[in-house]
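Structure assessment
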Amino acid sequence: MNVYGTEQIRNVVLLGHGGAGKTTVAEALALLTGVTKRMGKVPDGNTISDYDKEEIKRQFSISTTLIPLEYEGEDGPIKINLLDTPGFFDFVGEVEEAISVADAAIIVVNCKAGIEPGTERAWEMCEKYNLPRLIFVTNMDDDHASYRELVVKLETKFGRKIAPFQLPIRENEKFVGFVNVVKMGGRRFTHLSDYEECEIPDYVQKNLTIARDALIEYNFSRSVFCLTFCTFRILSNTPRNIQFQKATKELEKHLPLNTSAILQDYTSCHNLLHIP
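First things first, this report covers the structure right here in the doc. (Residues numbered from 1 in each chain as written. Predicted model: local features only at pLDDT ≥ 70, side-chain atom pairs only at ≥ 80, totals over all residues. Heavy atoms only, no water.)

**Structural notes on the pairing of strand β6 (residues 166-171)**
Rule in force here: A strand pair is defined by DSSP finding two or more bridges across the two strands. Elements are defined by DSSP. Helices are runs of H or I of four residues or more, strands are runs of E of two residues or more, and each kind is numbered from the N terminus.
Summarising the sheet, β6 and strand β7 (residues 174-180) pair through 6 bridges and their orientation is antiparallel. Bridge pairing links glutamine 166 to asparagine 180 in β7. Adjacent in sequence and paired antiparallel, β6 and β7 are bridged by 2 residues, among which asparagine 172 carries a positive phi angle near 55°.

Pasting the structure below:
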């Protein structure tokens, strides 16, 4: 059993509306870090997080579950305590408790559903506790999911602090790859999370220019460290944020796919720990 010092431990809380995909994201990360040998599914009632009989019966989280993840970073091993929280307001006390001990938050948003009450509540809580936050977009494989529309809605709701790091590549109504906004490069999936370099499609260029300008504008005005940890991010210049930046410096290299088809498979969460 590994022993970790306080500088090697980070508490990250998963937030979002009920059904957005928090438990599935947690399950995929557990699989990819070796916590479990198979990926459970909420409908099957065999996930690590939702083990209570009532959670299995109702197919949603009732209490906060801690999932310890061990990760080998550039500066040595680190331990991430992933806190999977309930999404429904009936259990908001569980969410408050988890946020009170968290170093950072990942807000999970279903691309098709868009901004939901749980999304707004998660943002408000992060504001209250001054938490650095990232937004991870799921359900990108749905034909009716509009990534650009979600970006606009998030910018309208939360301001210009929202800046996409990746843009999806879709062909024949399928999610086949992504564009890295920071590196201005296209990546096409070959098998699960494996990918190859590709040309940026013409139809992505317009949105890429908008996303690139937003990213540059925000970082020049706020002078913050750019994290590639999720589809969007909002960071503030606080001591806690600086610590989080150091903690996730390694993870920054491990997330090529931020727009996610996670409800279909675990590809996106593999990329959450595996950036180009």
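**Let's talk about helix α5 (residues 147-158)**
Inclusion rule: One less than the residue count of a helix, multiplied by 1.5 Å, gives the span that helix is expected to have. Whenever a nitrogen or oxygen atom comes within 3.5 Å of another N or O atom, the pair is scored as a polar contact, on the condition that within protein one atom can donate a hydrogen and the other can accept it, and that pairs from neighbouring residues in sequence are kept only if both atoms are in side chains.
Look at α5: 16 Å from first C-alpha to last across 12 residues, which is about the 16 Å you get at 1.5 Å a residue. Where α5 begins, one side-chain oxygen reaches toward the backbone nitrogen of glutamate 149, 3.2 Å away; that side chain belongs to serine 146. Of the residues flanking the end of α5, it is glycine 159, one or two places downstream, whose phi is positive at about 95°.

**Re the sheet that holds strand β8 (residues 185-191)**
So the rule is basically this: For helices, the fitted axis covers only the stretch in contact; all axes are lines through C-alpha atoms, and the angles between them, taken along N-to-C directions, range from 0 to 180 degrees.
Strands sit in the order β6-β7-β8-β9 across an open sheet of 4 strands; the sheet is antiparallel. In the strand order of this sheet, the two ends are held by β6 and β9 (194-198), each with one partner. This sheet shows a mean twist of 35° between the axes of neighbouring strands, independent of strand direction. In the sheet, β7 pairs with β8 via 4 bridges, with the strands oriented antiparallel. What sits directly across from glycine 177, in β8, is arginine 188.

**What to know about empty space enclosed by the protein**
For clarity, the cut-off: Using a grid of 1 Å spacing that covers the protein atoms alone, one calls a set of points a cavity when a 1.4 Å probe fits there but cannot get out, and a pocket when the set is open and has protein on both sides within 12 Å along at least five of seven lines; lining residues are those with an atom within 4 Å of a point. Grid points are joined across faces, edges and corners, and a volume is the space filled by probe spheres set on the points. Lys, Arg, Asp and Glu make up the charged group, whereas Ala, Val, Leu, Ile, Met, Phe, Trp, Tyr, Cys and Pro make up the nonpolar group; the residues left over, Gly among them, are polar.
What the rule picks out here adds up to 2 cavities of 30 Å³ or more. Together, 13 residues line the second largest cavity, and Gly16, Pro86, Val95, Gly118 and Arg121 are the ones closest to its centre. When residues of the lining of the second largest cavity are traced back to their parent elements, those giving at least two are β1 (9-16), α3 (92-100) and α4 (117-129). Per-element accounting of the lining of the second largest cavity gives the leading share, 4 residues, to α4. When its residues are assigned to classes, the lining of the second largest cavity shows 8 nonpolar, 4 polar and 1 charged.

**With respect to the packing of aromatic side chains**
Quick reminder of the rule: Working definition: rings of Phe, Tyr and Trp (its six-membered ring) pair if their centres are within 6.5 Å, and the pair is stacked with planes under 30 degrees apart, edge-to-face with planes over 60 apart, and tilted otherwise. Categorising residues by exposure relies on relative accessible area from a 1.4 Å probe, with only protein chains included: less than 20% of the type maximum marks a residue as buried, more than 50% marks it as exposed, and the intermediate range marks it as partly exposed.
Per the counting criterion, the structure on display carries 6 aromatic pairs. The interplanar angle of 15° and the centroid separation of 4.0 Å between the aromatic rings of tryptophan 123 and phenylalanine 158 together place this pair among those described as stacked. Of the two residues, tryptophan 123 sits in helix α4 while phenylalanine 158 sits in helix α5, which places them 35 residues apart along the sequence. Taking relative accessible area as the criterion, tryptophan 123 reaches 8% and is therefore assigned buried. Of the residues examined, phenylalanine 158 reaches a relative accessible area of 12% and is grouped as buried. An angle of 75° between the planes, with centres 6.1 Å apart, marks the rings of phenylalanine 175 and phenylalanine 189 as edge-to-face. Of this pair, phenylalanine 175 sits in strand β7 while phenylalanine 189 sits in strand β8, placing them 14 residues apart in sequence. Just as phenylalanine 175 is buried, phenylalanine 189 falls in that class too. Three or more aromatic residues joined by ring pairs make a cluster, and in this case those are Phe175, Phe178, Phe189 and Tyr195.

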